[in-house]
Amino acid sequence: MGILDDIKNTVSQTVFTPSTLMSGRGGLHMAQMLLCLVTFVISAFRGGSSHTYWNYAMFAWSFCPIMTLIITIVEMFKLDILLVLCMDWKDFTTGMAMSSALMTVSVAIFYANFYICRTCLHGWIVSVFAFLSAIVYILEVVKDKIFDKSKGSYLSALPGFMKVMEAFVSCMIFVSLTGYRDSFPLILCVIAYAIPFPIIPIIIATNILKKLKNCLPFNLDRFVFIFLVISVVLYVFTAIMWPIFMFRHNPRPNDCPPSYCIWAIQFMVAFFTYVNLILFVLDLIFTLLGICGFKRS
């Protein structure tokens, strides 16, 4: 009965508070949703594209404001008081702001790189709004981490943020994949990229949902350690195989502008492979040493 009474008392505290929209945090959320929506609409007005970077940009400009809208509604109705029973809400919101900042900054850079030219007025307009969207998300992160001195338990702390970075770089690899279908070793590289990718969000979600983590029949820290070892092995494999089989007999063309050169995009896969390898190795080392907030039982 004690647990039921706690739930009833918590539910009774939920109340509609539109004043949250007038706070600094609420103002940032409104600006984020508005700018992302405007950027999405203007970009869609130009017409669709088969380019994977365009598809990623459209996804980011829809996913980020939707998550911001959900967070705003939850906080406006004080539902976060109820969610505290199963998760660290402040950690979740700060982590989402950091993830959204990463996504919007990356798509702003990609869009500007691929669609800006001297006579491309539409590309300039979308890029301006894209960078403004990124700036307001960065401002929220700065507000949470520096001015409010928010200390997250997982997602906005180093362990969770490392996982977010690993997932983000994995997304960049998949967005950039091209020219691998006729080579069996490169297909193996794609499989190696794909194996760790779906497991990272599961680890993040399990750590956020404290009740779920406590119900697991196995030790999550040991599972994460095994996962990181496997991920490092897979990325060592791809770090060796992708450059060899992609760039052997495939030198950089003399005319290779970064905005539409397939070789440059293939090089980005190799670059992000080494970035993720470094992230996984650092994550594994921190986990082994039990430092920087990593807790092992």
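Here the structure is shown first, and the text comes after it.
Analysis parameters
- Residues numbered from 1 in each chain as written.
- Predicted model: local features only at pLDDT ≥ 70, side-chain atom pairs only at ≥ 80, totals over all residues.
- Heavy atoms only, no water.
- Helix = DSSP H or I, 4+ residues; strand = E, 2+ residues; numbered from the N terminus.
- Buried < 20%, exposed > 50% of the residue type's maximum accessible area, 1.4 Å probe, protein only.
- Contact = heavy atoms within 4.5 Å.
- Expected span 1.5 Å × (residues − 1).
- Phe/Tyr/Trp six-rings, centres within 6.5 Å; stacked < 30°, edge-to-face > 60°.
- Axes fitted to C-alpha atoms, helices over the stretch in contact; angles between N-to-C directions.
- Parallel < 35°, antiparallel > 145°, perpendicular 65-115°, else oblique.
- Left-handed = near helix turned anticlockwise from the far one by under 90°.
- Nonpolar A, V, L, I, M, F, W, Y, C, P; charged D, E, K, R; others polar.
- Polar contact = N/O pair within 3.5 Å; in protein donor to acceptor, adjacent residues only side chain to side chain.
- Core = buried A, V, L, I, M, F, W, Y, C linked by side-chain atoms within 4.5 Å.

Enquirer: Can you lay out the overall build of the protein chain for me, pointing to particular residues and giving the numbers?
Expert: Within the protein chain, the regular secondary structure consists of 12 helices and zero strands. Of the regular secondary structure in the protein chain, the N- to C-terminal order runs α-α-α-α-α-α-α-α-α-α-α-α. Here the protein chain, with 297 residues, has 45% of them falling under the buried criterion. Residue pairs in contact within the protein chain that sit at least 24 positions apart in sequence constitute 78% of those at least 6 positions apart.

Enquirer: Now, about helix 2 (residues 24-46): what can you tell me, with residues and values included?
Expert: Across its 23 residues, helix 2 extends 33 Å between first and last C-alpha, which sits within 8% of the 33 Å expected from 1.5 Å per residue. Listed as buried for helix 2 are R25, G26, L28, H29, Q32, M33, L35, C36, T39 and S43. Lining the buried residues of helix 2 we find helix 3 (52-76), helix 5 (89-115) and helix 6 (121-147).

Enquirer: Any chance you could break down the packing of aromatic side chains for me, citing the residues and the numbers?
Expert: Here the structure, examined in full by the defined rule, presents 14 aromatic pairs. Judged by centre distance (4.7 Å) and plane angle (40°), the rings of Y53 and F110 are tilted. Taken together, the positions of Y53 in helix 3 and F110 in helix 5 put the pair 57 residues apart, joining distant regions of the chain. By the burial criterion, Y53 is buried, and F110 matches it.

Enquirer: Describe the packing of helix 9 (residues 199-208) against helix 11 (residues 220-247), listing the residues and the values that go with them.
Expert: Taken N-terminus to C-terminus, the directions of helix 9 and helix 11 make an angle of 160°; their axes are 12 Å apart at the nearest point. Between helix 9 and helix 11, the crossing angle belongs to the class labelled roughly antiparallel. As for the relative orientation of helix 9 and helix 11, their crossing is left-handed in sense. Here I199, I200, I203, T206 and N207 of helix 9 come into contact with helix 11, specifically with L220, F223, V224 and F227. Partitioning the contact of helix 9 with helix 11 into residue classes produces seven nonpolar, two polar and no charged.

Enquirer: Account for the side chain of T238, naming residues and giving values.
Expert: With respect to the helices and strands, T238 occurs in helix 11. Given a relative accessible area of 1%, T238 falls into the buried group. Among the polar contacts made by the side chain of T238, one reaches the main-chain carbonyl oxygen of Y235 at a distance of 3.0 Å. Ignoring sequence-local partners within four residues, the contact set of T238 consists of C189, A192, Y193, P243 and T273.

Enquirer: Got a sec to walk through the nonpolar core? Specific residues and values, please.
Expert: If you look at the biggest cluster of nonpolar residues, it comprises 73 residues, and the most contacted ones within it are Y56, W61, F92, I173, L177, Y193 and W242. Sorting the residues of this core by element identifies helix 3, helix 5, helix 6, helix 7 (158-176), helix 8 (184-194), helix 9, helix 11 and helix 12 (262-289) as the ones contributing at least two each. It is helix 5 that contributes the most residues to this core, 14 residues altogether. Dropping the residues within four chain positions of it, W242 is found in contact with L177, T178, Y180, L186, C189, Y193, F247, Q266, V269 and A270.

Enquirer: Tell me about the environment of F161, and name the residues and values.
Expert: Within the secondary structure, F161 is located in helix 7. Overall, the relative accessible area of 23% leaves F161 in the partly exposed class. For the pair F161 and S99, spaced 62 residues apart in the sequence, the C-alpha separation amounts to 8.5 Å. Ignoring anything within four residues of it in the chain, the contact list for F161 reads M98, L102, Y154 and L155.

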